[in-house]
Amino acid sequence: MQPQLKSMRGLDLKQDELFSYTTLEQRIPSDHPLRPLRKLVDTVLASMDQDFDGLYSTRGRASIAPERLLRASLLQVIYTVRSERQLVEQIDFNLLFRWFVGLSMDEPVWDHSTFSQNRDRLFNQEVARLFFQRIKSLEQWPGYASDEHFSVDGTLIDAWASHKSFVRKDGGEPPKDGTRNPYADFKGEKRSNATHRSKTDPEARLARKNKGDASRLAHMAHTMIEHRSGLIVDVECTEFNGHAEVEAALAMLERTAKPGSTVGADKNYDQQAFVQGARKLKVTPHVAQKAKSSAIDGRTTRHEGYTTSLKIRKRIEEGFGWLKTVGGLRKTKLIGRAKLSAQLLLGFSVYNLIRLGSLSGWWRGSHV
């Protein structure tokens, strides 16, 4: 009689082990790109230590470390986590998230409302811009960034408000029919920023990027990149109006570009206000020429550098595309331009960190 062979199928055991002999540090692969990223982030946060001290009172109960909240917010951008509630849930059971934030294996995670409570103090425009600027002071930055050649552009960020909230300033009210999502018909009604305002986000403006685009309530985001590696060197957030792009671009040039620099831009910037403003700052405007009534002539376009600038300036769209897809900012979930500005600065800070990682060779997008 042949002996019956024993099956080598593993057992589906349901009993939990009481102890674990593997540390959190051992769980994270040694070549994971978040390891060098965290080193860079910790370097930046360490340089902001005194700035964090000034944000908190010397009395009362100790708060959650601001460094942990900021690291968590960076993870939200990198992994496109939709909400802070989902972010906290991920930190609770995701060992990689716990390690990056700085929580131990058994340490309880905070409530999602903590982000809302700390937003005005920790996630404001001043702290976000400081974090953005400190990234530019990293020792890796000068090796990859140019300080002479730049490009500027702007894009629309949809506001957290609907067309139904856009009512007349002289006493108008959003439509109501007793349902959660009331019906509204705007056919034949003239609606403009001069006569209407959103009840949900009063700072939002009815906008469209071009004639064929649909109008929507939005804010404007502006960036300035350097030409060597496409790193973002400055960020602005404004309301949408007919001259916001030019004003924001000149403000960034004044703040960031040194005399003798060049700045590339599309045809929307081919106007006297921008060209003369840039030249007043001693910056050469390399803007794409309009077919008629151009503000620049052969004295600028004859140079080889002009053609180079027009080619490289298109890379500025990469930052906008990344922010709206990976960064989750196609539509902001916060109300008001100040909060959106902080979101933009934080999002583009992450973009620069990842870009530095790609240039250095340690960042691999497959891990995220």
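From a predicted model like this one, the values you see are computed outputs, not experimental measurements. (Residues numbered from 1 in each chain as written. Predicted model: local features only at pLDDT ≥ 70, side-chain atom pairs only at ≥ 80, totals over all residues. Heavy atoms only, no water.)

Trainee: Go over the UniProt feature "domain: Transposase InsH N-terminal" (unreviewed entry) in the protein chain with me, naming the residues and quoting the values.
Mentor: Feature annotation in UniProt places "domain: Transposase InsH N-terminal" (unreviewed entry) on residues 23-121, given in this structure's numbering. This span, residues 23-121, is 63% helix and 0% strand, and a straight line between its end C-alpha atoms measures 34 Å. (UniProt positions renumbered as here; feature names shortened; annotations may be inferred. Helix = DSSP H or I, 4+ residues; strand = E, 2+ residues; numbered from the N terminus.)

Trainee: Quick one: what's the story with the UniProt feature "domain: Transposase IS4-like" (unreviewed entry) in the protein chain, residue by residue and with numbers?
Mentor: Here the UniProt feature "domain: Transposase IS4-like" (unreviewed entry) sits at residues 208-353. With 42% helix and 18% strand, the stretch residues 208-353 has end C-alpha atoms that lie 31 Å from each other.

Trainee: I'd like a rundown of the domain arrangement of the protein chain, residues and numbers included.
Mentor: If you check the domain split of the protein chain, you get domain 1 (26-55 + 63-123) and domain 2 (149-160 + 217-336). Each of domain 1 and domain 2 has a C-alpha centre, and these two points are 32 Å apart. Across the boundary between the two partners, domain 1 contributes 5 residues, which contact 6 residues of domain 2. For the pair domain 1 and domain 2, the summed buried surface comes to about 400 Å²; carbon and sulfur atoms form 64% of the total. Here domain 1 and domain 2 share 0 salt bridges between them. Joining domain 1 to domain 2, the criterion identifies 1 residue pair in polar contact (both at pLDDT 80 or more). For the side of domain 1 that touches domain 2, the class distribution of residues is 2 nonpolar, 1 polar and 2 charged. (Domains from an automatic or database assignment. Contact = heavy atoms within 4.5 Å. Buried area = accessible area lost by both parts, 1.4 Å probe. Salt bridge = Lys/Arg side-chain N within 4 Å of Asp/Glu carboxyl O. Polar contact = N/O pair within 3.5 Å; in protein donor to acceptor, adjacent residues only side chain to side chain. Nonpolar A, V, L, I, M, F, W, Y, C, P; charged D, E, K, R; others polar.)

Trainee: Any chance you could break down the packing of helix α2 (residues 34-47) against helix α8 (residues 125-135) for me, citing the residues and the numbers?
Mentor: Between α2 and α8, whose axes approach to 10 Å, the crossing angle comes to 120°. By the angle between their axes, α2 is oblique relative to α8. You can see that α2 and α8 cross each other, and the crossing is right-handed. Residue-level inspection shows Val44, Leu45 and Ser47 of α2 in contact with α8, the latter providing Phe131, Arg134 and Ile135. (Axes fitted to C-alpha atoms, helices over the stretch in contact; angles between N-to-C directions. Parallel < 35°, antiparallel > 145°, perpendicular 65-115°, else oblique. Left-handed = near helix turned anticlockwise from the far one by under 90°.)

Trainee: A description of the side chain of His32 should follow, citing residues and the corresponding values.
Mentor: Secondary-structure assignment places His32 in the loop between α1 (24-27) and α2. In this structure His32 comes out as buried when scored by relative accessible area, which is 7%. Looking at His32, its side chain comes within polar contact range of the main-chain nitrogen of Leu34, at 3.1 Å. When residues no more than four places from it in sequence are discounted, the contact partners of His32 are Tyr79, Leu96, Arg364 and His367. (Buried < 20%, exposed > 50% of the residue type's maximum accessible area, 1.4 Å probe, protein only.)

Trainee: Any details on unusual backbone geometry? Residues and values, ideally.
Mentor: Phi is positive for Lys282, which is not a glycine, with a value near 65°. Assignment of secondary structure puts Lys282 in the loop between α11 (272-280) and β8 (284-287). Backbone geometry at Ser293 places phi at a positive 55°, although glycine is not the residue there. Within the secondary structure, Ser293 is located in the loop between β8 and α12 (298-301).

Trainee: Mind laying out the nonpolar core, listing which residues take part and the relevant values?
Mentor: Side chains of nonpolar character tend, in soluble globular proteins, to be buried together. Counting 89 residues, the largest nonpolar core has Leu34, Phe274 and Leu344 as the members making the most contacts within it. For this core, the element with the highest residue contribution is helix α15 (residues 337-360), accounting for 11 residues. In this structure, this core is formed jointly by two domains, domain 1 (26-55 + 63-123) and domain 2 (149-160 + 217-336), each of which donates at least three residues. (Core = buried A, V, L, I, M, F, W, Y, C linked by side-chain atoms within 4.5 Å.)

Trainee: Help me get a handle on the packing of aromatic side chains, residues and values and all.
Mentor: Applying the stated rule across the entire model yields 8 aromatic pairs. Taking the centre distance of 5.2 Å and the plane angle of 65° together, the rings of Tyr269 and Phe274 count as edge-to-face. Given a relative accessible area of 1%, Tyr269 falls into the buried group. The class of Phe274 is buried, set by a relative accessible area of 0%. Pairing Phe320 with Phe348 gives two aromatic rings, centres 6.5 Å apart and planes at 70°, and the pair type is edge-to-face. In this pair, Phe320 is assigned in helix α14 (residues 316-325) and Phe348 in helix α15, connecting sequence segments 28 residues apart. For the pair formed by Phe320 and Phe348, the shared burial category is buried. Site record: aromatic cluster; members linked through ring pairs are Trp110, Phe115 and Phe123. (Phe/Tyr/Trp six-rings, centres within 6.5 Å; stacked < 30°, edge-to-face > 60°.)

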